[in-house]
Amino acid sequence: MALAKSVYNLLFRRTSTFAITIMCGAIVFERVFDQAGDTLFEQINRGKLWKHIKHNYEEAEEE
Amino acid sequence: MAALRVVATTGSGRTLLNAAKCTHTHKAQMSFASLPKGKKVALTTLGVLTTGGIGLALALQQSVKASDLELHPPNYPWSHNGMVSSLDHASIRRGYQVYKQVCSACHSMEYLAFRNLVGVSHTEAEVKAIAEEIEVVDGPDDSGEMFTRPGKLSDYFPKPYPNPEAARVANNGALPPDLSYIVNARHGGEDYVFSLLTGYCDPPAGVSVREGLYYNPYFPGQAIGMAPPIYNEVLEYEDGTPATMSQVAKDVCTFLRWAAEPEHDQRKRMGLKLLMGSAILIPLVYYMKRHRWSVLKSRKIAYRPPK
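Residues numbered from 1 in each chain as written. Chains lettered and ligands numbered in written order. Predicted model: local features only at pLDDT ≥ 70, side-chain atom pairs only at ≥ 80, totals over all residues. Heavy atoms only, no water.

The name given to chain B in an unreviewed UniProt entry is Cytochrome c1, heme protein, mitochondrial, and the organism recorded there is Coilia grayii. According to the UniProt record, the Subcellular location (unreviewed entry) comment for chain B reads "Mitochondrion inner membrane". (UniProt positions renumbered as here; feature names shortened; annotations may be inferred.)

As recorded in an unreviewed UniProt entry, chain A goes by Complex III subunit 9 and comes from Coilia grayii. The annotation that UniProt attaches to chain A under Subcellular location (unreviewed entry) is "Mitochondrion inner membrane". UniProt's Sequence similarities (unreviewed entry) comment on chain A is quoted here verbatim: "Belongs to the UQCR10/QCR9 family."

Here is the structure:
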């Protein structure tokens, strides 16, 4: 409860800080969510995506 | 709600309401609840029989459809079948090799450009090298002449025949279809294409196939103009995968699925994110609904008889 109260006093109490909290929160959430989704997708499809096989062909090309 | 009210009070809404009322009053004169028990049973039986009859007719019609002279392909366990399963890009790469060395002798893929392969199955340098192998007619130059130049990334795949008529003449009157969207253009998709490629067999006793045609049970009409295109070791894969007939067919089907649906992986990636988002939102919305309705759900209606 103490944490909730301090968060409220610090961030949510004034409209200005509340709006900034919402905007920053949206950016942080979007980035975390997007990267978590990509990681999960790549984990599910490990070895099938171009990302996972391209090193085979890029090395061969440098030789 | 305001919009609903507006609709209900406009002219069309009113006629609809009136019409509903008319039928309602008409039925009210002989409403179901006021009928004698025998008639209720009779009506219920009639309803059940009608529903059952319609269901039976539908089921029979389906089975009639299934019994026509067409062999439906089985469902193969493609590695991209799952809701969030991507295409196997190593398979796409092998499939392109199959297309280039086998299929492209007769089949065009006119909606695919070399640049589409970059970052999907080949690196940019590799695709540039592949594109340079072909000659493209370009022009006109300063003197108004057409000239040929080596292909580049933005060129589309070369066509085996300049036009459909030339393709027909070269193929005994049969037109090899363009393969760009073939997997979406045929019932059964890659299952059908795989079955067709691997399904050639001798015609059953009593069936004769015209000269120049081949028997394939999966092809509508069973007589196909395409000779059996693939067999074991029809080509040698650059990554050393054994080129068995089914491996070749599987790879080319995966390649054709990618060609028909290049957005496939992105679509499933977005689908996964949508599911993740729904997993957060749906419980929230459910909680909010329960919260808002708790007042209505927990109220008590008491009847106080007049004294």
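The next thing to look at is the interface of chain B and chain A. Listed by partner, the interface residues are 24 residues for chain B and 18 residues for chain A. Taking both partners together, chain B and chain A bury about 1800 Å²; carbon and sulfur atoms supply 67% of that area. When the buried area of chain B at its contact with chain A is split by residue, B:Arg269, B:Lys273 and B:Met276 rank highest and sum to 30% of it. For the pair chain B and chain A, the number of links is four salt bridges. Of the charged contacts in the structure, one is a salt bridge between B:Lys273 and A:Asp34, with a shortest N-O distance of 2.9 Å. Counting across the interface, chain B meets chain A through nine residue pairs in polar contact (both at pLDDT 80 or more). Put simply, the parts of the chain that give the side of chain B that touches chain A at least two residues each are helix H4 (89–101), helix H5 (124–132) and helix H10 (264–297) of chain B. Per-element tally for the side of chain B that touches chain A: the top contributor is H10(B), with eight residues. Here the residues of the side of chain B that touches chain A sort into eight nonpolar, nine polar and seven charged. (Contact = heavy atoms within 4.5 Å. Buried area = accessible area lost by both parts, 1.4 Å probe. Salt bridge = Lys/Arg side-chain N within 4 Å of Asp/Glu carboxyl O. Polar contact = N/O pair within 3.5 Å; in protein donor to acceptor, adjacent residues only side chain to side chain. Helix = DSSP H or I, 4+ residues; strand = E, 2+ residues; numbered from the N terminus. Nonpolar A, V, L, I, M, F, W, Y, C, P; charged D, E, K, R; others polar.)

Take the layout of surface pockets next. Summary: where empty space remains is shown by rolling a probe the size of a single water molecule over the atoms. Residue and element names in this part refer to chain B. What the largest pocket holds in volume is close to 710 Å³. Forming the walls of the largest pocket are 31 residues, and the residues nearest its centre are His107, Pro176, Pro177, Ile224 and Met226. The set of elements that each furnish at least two residues to the lining of the largest pocket consists of helix H8 (189–198), strand E4 (223–224) and helix H9 (245–260). With four residues, H8 is the largest single contributor of residues to the lining of the largest pocket. Here the residues of the lining of the largest pocket sort into 25 nonpolar, five polar and one charged. (1 Å grid on protein atoms, 1.4 Å probe; cavity = no way out; pocket = protein on both sides within 12 Å on 5 of 7 lines; lining within 4 Å. Points joined across faces, edges and corners; volume = space filled by probe spheres on them.)

We now examine the side chain of B:His80. Residue and element names in this part refer to chain B. Tracing the backbone shows histidine 80 in the loop between helix H3 (37–66) and H4. Only 2.6 Å separates the side chain of histidine 80 from the side chain of glutamate 190, close enough to count as a polar contact. Apart from the residues lying within four places of it in its own chain, the contact partners of histidine 80 are Ser85, Ser86, Leu87, Glu190, Thr254, Arg257, His264 and Lys268.

The residues that UniProt annotates with the feature "domain: Cytochrome c" (unreviewed entry) are residues 90–242 of chain B. Between the C-alpha atoms that bound residues 90–242 of chain B the distance is 14 Å, and the span itself is 27% helix and 8% strand.

As a further point, take the packing of helix H1 (residues 2–12) of chain A against helix H2 (residues 15–44) of chain A. Residue and element names in this part refer to chain A. At a minimum axis distance of 7 Å, the contact between H1 and H2 shows a crossing angle of 100°. Regarding the angle of H1 to H2, the classification is roughly perpendicular. Between H1 and H2, the contacting residues are Leu10, Leu11 and Phe12 on the first element and Thr17, Phe18 and Thr21 on the second. For the contact of H1 with H2, the class distribution of residues is four nonpolar, two polar and no charged. (Axes fitted to C-alpha atoms, helices over the stretch in contact; angles between N-to-C directions. Parallel < 35°, antiparallel > 145°, perpendicular 65-115°, else oblique.)

Looking now at the nonpolar core. Counting residues in hydrophobic clusters, the biggest one holds 45 residues, and the most contacted among them are B:Met109, B:Phe157, B:Phe255 and B:Trp258. The set of elements that each furnish at least two residues to this core consists of H4, H5, helix H7 (182–185), H8 and H9 of chain B. Broken down by element, the residue count for this core peaks at nine residues, all from H9(B). What B:Met109 contacts, discounting residues up to four positions off in sequence, is B:Tyr99, B:Phe157, B:Asp178, B:Leu179, B:Ser180, B:Phe255, B:Leu256 and B:Ala259. A:Phe33, A:Phe41, B:Leu272 and B:Met276 belong to the second largest nonpolar core, which has six residues in total. (Core = buried A, V, L, I, M, F, W, Y, C linked by side-chain atoms within 4.5 Å. Buried < 20%, exposed > 50% of the residue type's maximum accessible area, 1.4 Å probe, protein only.)

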